Amino acid sequence: MAILVLGGAGYIGSHTVYELIEAGRDVVVADNLLTGFKEAVHPKARFYQLDIRDRGALDTLFQAENIEGVIHFAASSQVGESMSNPLKYYDNNLYGTMVLLQSMVAHGVDKIVFSSTAATYGEPEQVPILETDRTQPTNCYGETKLSMEHMMNWVSKAHGLRYVALRYFNACGAHASGKIGEAHNPETHLIPLILQVPNGQREKISVFGDDYPTPDGTCIRDYIHVTDLAQAHILALDYLMKGGDNNVFNLGNGVGFSVNEVIEVARAVTGHPIPAEVSPRRAGDPAQLIASSEKAKSVLGWKPQYDDLNTIVSSAWNWHKAHPHGYEK
């Protein structure tokens, strides 16, 4: 029996495939390679280039492979783009998931773990955020992910599908081997953007707002190492395999770091001065987002191994220094 990882050529997907294969699992990867990279796919995984909106291609895969569970990363995930092009997000995230669930139901595959987001909460009512807190997304990306959760819930009632939604915060870092890491074009994540300065790809880093109600005035976020995220997806799938009920879990370190703190750690790790320039605030940026991951720890037995900011930034620098242009030769 194999695990199907959709979006397994992407950042978090590829790291999850590496962890699955290291644990001796049989893995099938499907990715349309629009934002993923063939080079990021583990050589021991069987690869299908397909789009989840293509029902025929999905049916062919489910007929060819003996799939016992699905891990779903195949979605568009840029907040800014979701606001300027919302229909792309409804098409890829919602319509794509609908087609996937139709094919899963038709082929009797009844377990799915999927990558949701902290953006489902919108402006948090309290910090740290609990799974039971109000969900009121402030952007289209968060709205489509929350709608995907609702869709799975209704399919569960009608067809017996069982699902786990993992709402996570800022994924970061790279694989300990240095073989795979973060590569987005354009890059929007803080740590890779900071590391472009010592890599000679930008002169300075912009800090969007230094007048937030936080200790140093810059936004606070919960950074979670990509390998820890990967492990949580595997634990969630095992939880479903053992008969666990539908569930939602936050994934984070439960500790927030400010933008200025991340820049300081990057200066120490790289030995580069990394000039920073304060720019105006960005619309829709909450002052702080920190997760409570107590539920994932108690129910799934999840224990983040790389929760130290120095370790996270060092692993990212190890990858970016060796791959300044990502997977491009």
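For the structure, check the block above.
Okay, so let's go over this structure. (Residues numbered from 1 in each chain as written. Predicted model: local features only at pLDDT ≥ 70, side-chain atom pairs only at ≥ 80, totals over all residues. Heavy atoms only, no water.)

### Description of the nonpolar core
Threshold: Nonpolar core, defined: a set of buried Ala, Val, Leu, Ile, Met, Phe, Trp, Tyr and Cys residues in which side-chain atoms within 4.5 Å join the residues together. Throughout this description, buried means an accessible area under 20% of the type-specific maximum (1.4 Å probe, protein chains only), exposed means over 50%, and partly exposed covers the range between. Runs of H or I in DSSP of at least four residues are treated as helices and runs of E of at least two as strands, each being numbered from the N terminus. Working rule for contacts: check all heavy atoms of both residues, and any pair within 4.5 Å makes them a contact.
Residues I12, V27, V113, V164, L166 and L251 are the most contacted members of the largest nonpolar core, which totals 33 residues. Considering each element in turn, this core owes the most residues, eight residues, to helix α7 (residues 226-241). Dropping the residues within four chain positions of it, L166 is found in contact with V113, F114, S115, S116, T117, A232, H233, A236, F249 and L251. L4, A30, L94 and F114 belong to the second largest nonpolar core, which has 29 residues in total.

### Concerning the sheet that holds strand β11 (residues 247-251)
What counts here: Only when DSSP finds a minimum of two bridges between them are two strands counted as paired. Angles here are taken between N-to-C directions and fall from 0 to 180 degrees, while the axes themselves are lines fitted to C-alpha atoms, restricted in helices to the stretch in contact.
Taken together, the seven strands give an open sheet; going across it, the order is β3-β2-β1-β4-β5-β6-β11, and neighbouring strands pair in parallel fashion. Edge positions in the open sheet fall to β3 (46-49) and β11, since each of these has one partner strand only. Strand-to-strand twist across the sheet, computed as the mean angle between neighbouring axes with direction ignored, equals 20°. The pairing of strand β1 (residues 2-6) with strand β4 (residues 67-72) spans five bridges and is parallel. Its bridge partner being in β4, V5 is matched across the sheet by I71. Helix-sheet contacts for helix α4 (residues 86-106) involve β1, β4 and β5 (111-117), and the interaxial angle to β5 is about 170°.

### So, the sheet that holds strand β9 (residues 220-221)
Strand order in the open sheet formed by three strands is β12-β9-β14, and the pairing between neighbours is mixed. Each edge of the sheet is formed by a strand with only one pairing partner; in this case those strands are β12 (257-258) and β14 (288-289). Pairing analysis gives two bridges linking β9 to β14, with the strands arranged parallel. What sits directly across from R221, in β14, is L289.

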